[in-house]
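So you can see what is in the structure, the chains are spelled out below.
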Amino acid sequence: MADLPRPIVIKRIKKVVGGSHGGAWKIAYADFVTAMMAFFLLMWLLGSVDGGKLNGISEYFKMPLRTALTGGSSSGESTLIMKGGGKDPTADAGLVRNGQAKASPAEEAKKAAKAAQAKAEAALMRALKEKIERMIESNPKLKPFKNQLLIDITSEGLRIQIVDEKNRPMFGLSSTEMQPYTRDILKEIAGALNDVPNRISLSGHTDAKLYSTGDKNYSNWELSADRANAARRVLVAGGLEENRLMRVLGLSSAVLLDPEDPMNPINRRISIILLNQRAEDAALNEGRRQAVILPTD
């Protein structure tokens, strides 16, 4: 019996890429898990070190050479690596580095108390300024002269300036004789100044016009000082306690209110400054400085 031909069987394999049986998602998931692990590791490291070390790490990536030179117990609390090597060349004047001594609690409390005092004093100055401005508006003796009363707050304290106008001077020409309305203004202001305990600085100013009498021994310096003292006497007569006055100055035309026009009448003025504590302390320290005798050849 002859052999029959065998049938030829062709087997086709259908490849499916991806799908539910693919492995590409596993690679993406592995990358995600690795990134999350790195993230949580970073968070753990940041939470486990102190501020000095964190600053050191930050400085290292900013300036690796500087951090390597300074060294120290930790990069963020670095001191000079060479013992006895002199001053740290990387330290700025007045800079307090991490790891160095900081202000004591007593010093911090003192600073906080001074800041609170300055804040309260500034609020008091603003309140007094508003009170004087209301008094000027409501007082029939002062209201006509409100344009000649300049009130502001400076670095020294509350300043009240009584300035001349072209047709309404405070004093007679080249004289210390005070006009009647100037006396009224000063007496009214004296009462308001008694509401606060701050010390007072009083100064007289002139314009740049030379003193007209021709007397070489009497100039704008003497005239401004005499006018300041005349204002002091009227303030005391108006009720101001004399021990509140800290200084009475004659400044001639050295401090012009209008430097662009030295002859402007507003440069002729009386300036009353209600000193804040810092300005008062500075004036007291200036008066207490000891003279230094320099050696002679």
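What you see is a predicted model; the values in this text were computed from it and never measured. In every chain, residue numbers begin from 1 and rise along the written sequence. In keeping with the predicted nature of the model, local features appear solely for residues at pLDDT of at least 70, side-chain atom pairs appear and are counted solely at 80 or more, and the whole-chain, interface and lining totals rest on all residues. With hydrogens and water stripped out, all remaining heavy atoms of the structure feed into the side-chain values.

Novice: Help me out: how do you make sense of the pattern of salt bridges in this one?
Specialist: Where charged atoms from two side chains of opposite charge approach closely, those side chains can pair. A carboxyl oxygen of Asp or Glu within 4 Å of a side-chain nitrogen of Lys or Arg is what we treat as a salt bridge. Enumeration according to the criterion identifies seven salt bridges in this entry. A salt bridge links Glu-137 to Lys-146; its shortest N-O distance comes to 3.4 Å. Using a 1.4 Å probe on the protein chains alone, a residue whose accessible area is under 20% of its type maximum counts as buried, one over 50% counts as exposed, and one in between counts as partly exposed. The class for Glu-137 is partly exposed, based on a relative accessible area of 40%. Residue Lys-146 is classed as partly exposed on the basis of its relative accessible area, which comes to 37%. With its nearest N and O atoms 2.6 Å apart, the salt bridge here joins Arg-159 to Asp-152. Its relative accessible area of 22% is what places Arg-159 among the partly exposed residues. For Asp-152, a relative accessible area of 26% translates into the label partly exposed.

Novice: Before we go on, may I ask you to explain the nonpolar core in this structure?
Specialist: Among soluble globular proteins, nonpolar side chains are generally buried collectively. Ile-132, Leu-186, Ile-189, Leu-193, Ile-272 and Leu-274 are the most contacted members of the largest nonpolar core, which totals 33 residues. Under the scheme used here, helices are H or I runs from DSSP no shorter than 4 residues and strands are E runs no shorter than 2 residues, and both carry numbers assigned from the N terminus. For this core, the elements supplying multiple residues, two or more each, are helix 4 (105-138), strand 1 (149-153), strand 2 (157-163), helix 5 (180-193), strand 3 (200-205), helix 6 (220-237) and strand 5 (269-275). The greatest single-element share of this core, amounting to six residues, is contributed by helix 5. Aside from chain neighbours lying at most four places away, what touches Ile-189 is Leu-149, Ile-160, Ile-162 and Ile-272. Here, the term nonpolar core denotes a set of buried Ala, Val, Leu, Ile, Met, Phe, Trp, Tyr and Cys residues that are joined through side-chain atoms within 4.5 Å. Counting residues in each nonpolar core, the second largest holds five residues, with Met-246, Ile-273, Ala-279 and Ala-283 among its members. Any pair of residues with heavy atoms lying within 4.5 Å of one another is described as a contacting pair.

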